[in-house]
Amino acid sequence: MKFSREGIAFGAHVGLAAAWRARAGKPYVETPADERLFEQVYLQYTSEYMKGPMYWHPDKMQGFAPDYPGRPIVKNGKYTSNVIGNLKAFSSNELAFLSMLFFGVGLYGNLQFNYYDPQWAKVDAGGYFNASYIVESLLLPISFFMHIACYIQKQNGK
């Protein structure tokens, strides 16, 4: 089925004209509920505006660990899950597993690279590095951060 450009343009104009005629009926009348909602939103907006750059407010003070509003970093002297960023979606058990997995693979890569399959001797003999050992060894420091994230999630009951 083919449509002509003229037919589509005519249909669009007819639709717009019908919508304009239907809209031109009754004017808007503000209800008491609308007025209360406007006052509530306006009051909240102005109170947040007063915290802006022209005025001093304690919420604007920067400390050693500034955080975003609604996402505190420290609460009651303990770190919250917001500190660990995207890892807060993981439970402490999952992070412990990933920490041990990354530790094992990273340690394997380091030991293979340096002791069990020495790569520097291969390069001295004219060969190439085994790149998998290098990639595996990069997981070792990541396991440390997974361990810290696991501890924070455990402290927060997650």
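Computed from a predicted model, the values in this text were never measured in an experiment.

What counts, and at which threshold
Residues numbered from 1 in each chain as written. Predicted model: local features only at pLDDT ≥ 70, side-chain atom pairs only at ≥ 80, totals over all residues. Heavy atoms only, no water. Helix = DSSP H or I, 4+ residues; strand = E, 2+ residues; numbered from the N terminus. Contact = heavy atoms within 4.5 Å. Areas by Shrake-Rupley, 256 points an atom, 1.4 Å probe, with all protein chains shown as cover. Salt bridge = Lys/Arg side-chain N within 4 Å of Asp/Glu carboxyl O. Expected span 1.5 Å × (residues − 1). Buried < 20%, exposed > 50% of the residue type's maximum accessible area, 1.4 Å probe, protein only. Core = buried A, V, L, I, M, F, W, Y, C linked by side-chain atoms within 4.5 Å. UniProt positions renumbered as here; feature names shortened; annotations may be inferred. Lys, Arg positive; Asp, Glu negative; His and termini not counted. Phe/Tyr/Trp six-rings, centres within 6.5 Å; stacked < 30°, edge-to-face > 60°.

Here we look at the overall build of the protein chain
Reasoning step 1: Within the protein chain one finds six helices and two strands.
Reasoning step 2: Along the protein chain, helices and strands appear, N-terminal first, in the series α-α-β-β-α-α-α-α.
Reasoning step 3: Contacts spanning at least 24 positions in sequence make up 60% of the contacts within the protein chain whose residues lie at least 6 apart.
Reasoning step 4: A total of about 13200 Å² of accessible surface is found on the protein chain, and carbon and sulfur atoms cover 65% of it.

Side note on the pattern of salt bridges
Reasoning step 1: For the coordinates displayed, the defined rule picks out one salt bridge.
Reasoning step 2: Residue Lys 122 pairs with Asp 117 through a salt bridge whose shortest N-O separation is 3.2 Å.

A word on helix 3 (residues 92-116)
Reasoning step 1: Taking 1.5 Å of rise per residue, 25 residues should cover 36 Å, and helix 3 covers 33 Å from first to last C-alpha, within 8% of that figure.
Reasoning step 2: Listed in full, the buried residues belonging to helix 3 are Ser 92, Leu 95, Leu 98, Ser 99, Phe 102, Gly 106, Gly 109, Gln 112 and Phe 113.
Reasoning step 3: In this structure, the buried residues of helix 3 make contact with helix 4 (119-124), helix 5 (131-137) and helix 6 (139-155).

Regarding the nonpolar core
Reasoning step 1: Counting eight residues, the largest nonpolar core consists of Ile 84, Leu 95, Leu 98, Phe 102, Met 146, Ala 149, Cys 150 and Ile 152.
Reasoning step 2: Contributions of two or more residues to this core are made by helix 3 and helix 6.
Reasoning step 3: Per-element tally for this core: the top contributor is helix 6, with four residues.

Some details on the UniProt feature "transmembrane region" (unreviewed entry) in the protein chain
Reasoning step 1: With numbering aligned to this structure, UniProt lists the feature "transmembrane region" (unreviewed entry) at residues 95-113 and 133-152.
Reasoning step 2: Helix makes up 100% of residues 95-113 and strand 0%, with an end-to-end C-alpha separation of 26 Å.
Reasoning step 3: Taken end to end, residues 133-152 is 95% helix and 0% strand, and its first and last C-alpha atoms sit 30 Å apart.

Some remarks on unusual backbone geometry
Reasoning step 1: Here the phi dihedral of Asn 76 falls at roughly 55°; this positive angle occurs in a residue that is not glycine.
Reasoning step 2: The exposure class assigned to Asn 76 is exposed, which follows from its relative accessible area of 77%.

Structural notes on the environment of Ala 96
Reasoning step 1: Tracing the backbone shows Ala 96 in helix 3.
Reasoning step 2: Given the relative accessible area of 30%, Ala 96 is considered partly exposed.
Reasoning step 3: Once the C-alpha coordinates of Ala 96 and Cys 150 are considered, the two residues, 54 residues apart in sequence, prove to be 5.8 Å apart.

Some details on the side chain of Glu 136
Reasoning step 1: Note on placement: Glu 136 falls in helix 5.
Reasoning step 2: Of the side chains with opposite charge, Lys 122 lies nearest to the buried Glu 136, which makes no salt bridge, at 12 Å.

Notes on the packing of aromatic side chains
Reasoning step 1: In the structure shown here, the tally under the stated rule is six aromatic pairs.
Reasoning step 2: When the centroid spacing of 5.9 Å and the interplanar angle of 20° are considered together, the rings of Phe 38 and Tyr 42 count as stacked. In this pair, Phe 38 and Tyr 42 are both assigned in helix 2 (residues 32-49), four residues apart and thus about one turn of the helix distant.
Reasoning step 3: When the ring of Phe 144 is compared with that of Phe 145, the centres are 5.6 Å apart and the planes differ by 70°; the resulting orientation is edge-to-face.
Reasoning step 4: With a relative accessible area of 49%, Phe 144 lands in the partly exposed category.
Reasoning step 5: Since its relative accessible area comes to 55%, Phe 145 is described here as exposed.
Reasoning step 6: Taken together through their ring pairs, the aromatic side chains of Phe 113, Trp 120 and Phe 129 make up a single cluster.

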